[in-house]
Amino acid sequence: MKLEEERIEAEKNLFLVLQVKEEAQQLAQIFETVRSFKVKQKCGKGKLIFGSVTAQDLVDIIKAQLQREVGKRIVELLEIHETGEYIAELKLYPEVTVRIRLNVFAN
């Protein structure tokens, strides 16, 4: 009986892992459809912006535009201090990573 309970528990865990992976793949498809996000920042001289654009800013933009919650920890993005085009990488699951474009414009 104990072996049967362990087998059932293992199947439940496997099902949950597969479900989470499938959800990550679906979210990756949404990001690939959108492809890029626009950020408007106040600018100073040249291409320099006031402050910076961070991973948290990208998380907030995703939430506002797609109504999807993603954690800041899955976003790989260096702080941005100039206008231009940047690439952010989102690690949605160990085997599911998506790259999105971030366009920073002067406001």
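These numbers were taken from a predicted model, which means no experiment stands behind them.

Chemist: Just checking my understanding: could you explain the sheet that holds strand β5 (residues 84–93) for this structure?
Modeler: Read across the open sheet, the four strands follow the order β1-β6-β5-β3; overall the sheet is mixed. In the strand order of this sheet, the two ends are held by β1 (36–41) and β3 (75–76), each with one partner. As judged from the six bridges shared by β1 and strand β6 (residues 96–106), these two strands associate in the parallel manner. Bridge pairing links Gln41 to Ala106 in β6. Strands β1, β5 and β6 of the sheet are contacted by helix α1 (residues 2–34), whose axis makes an angle of about 165° with β5.

Chemist: What is the right way to read α1 from this model?
Modeler: For the α-helix, the turn length of 3.6 residues means that residues three or four positions removed from each other point alike. In this model, α1 (33 residues) spans 48 Å end to end at C-alpha, consistent with the 48 Å of a helix rising 1.5 Å per residue. The set of residues buried in α1 consists of Ala24, Leu27, Ala28 and Phe31. Residues of α1 that are buried sit in contact with β1, α2 (55–66), β5 and β6.

Chemist: Mind showing me how you'd approach the pairing of β6 here?
Modeler: In the case of a regular strand, side chains alternate between the two sheet surfaces. For β5 and β6, the ladder comprises nine bridges, and the chain directions are antiparallel. Along β6, the bridge assignment pairs Gly84 with Val104. Where β5 folds back on β6, the antiparallel hairpin that results is connected by two residues.

Chemist: How should the pattern of salt bridges be read in this particular structure?
Modeler: Side chains that differ in sign of charge can pair as their charged atoms come close. Considering all chains together, one arrives at five salt bridges under this definition. Of the charged contacts in the structure, one is a salt bridge between Lys63 and Glu69, with a shortest N-O distance of 3.1 Å. Under the relative-accessibility criterion, Lys63 is labelled partly exposed at 44%. Here Lys91 ties to Glu76 by a salt bridge, and the two come within 3.0 Å at their closest N and O atoms. Of the two residues, Lys91 sits in strand β5 while Glu76 sits in strand β3, which places them 15 residues apart along the sequence. In this structure Lys91 comes out as partly exposed when scored by relative accessible area, which is 40%. Since its relative accessible area comes to 42%, Glu76 is described here as partly exposed.

Cut-offs and rules
- Along each chain, residue indices are assigned from 1 in the same order as the chain's sequence is written.
- Only residues with pLDDT of at least 70 get local features here, since the model is predicted, and only at 80 or more are side-chain atom pairs given and counted; chain-wide, interface and lining totals rely on the full set of residues.
- Hydrogens are left out, water is left out, and the side-chain values use all remaining heavy atoms of the structure.
- Strands were regarded as paired on the criterion that DSSP finds at least two bridges between them.
- In DSSP terms, a helix is any run of H or I states spanning at least four residues, a strand is any run of E spanning at least two, and both are numbered starting from the N terminus.
- Residue contacts follow a heavy-atom distance rule, with two residues in contact if any of their heavy atoms lie within 4.5 Å.
- In this analysis an axis means a line fitted to C-alpha atoms, helices contributing only their contacting stretch, and an angle means the value between N-to-C directions, from 0 to 180 degrees.
- Under the convention used throughout, the expected extent of a helix is 1.5 Å for every residue step, that is, one less than its residue count.
- Relative accessibility under 20% of the residue-type maximum defines a buried residue, over 50% an exposed one, and the middle range a partly exposed one, all with a 1.4 Å probe and only protein chains included.
- When a carboxyl oxygen of Asp or Glu is within 4 Å of a side-chain nitrogen of Lys or Arg, the pair counts as a salt bridge.

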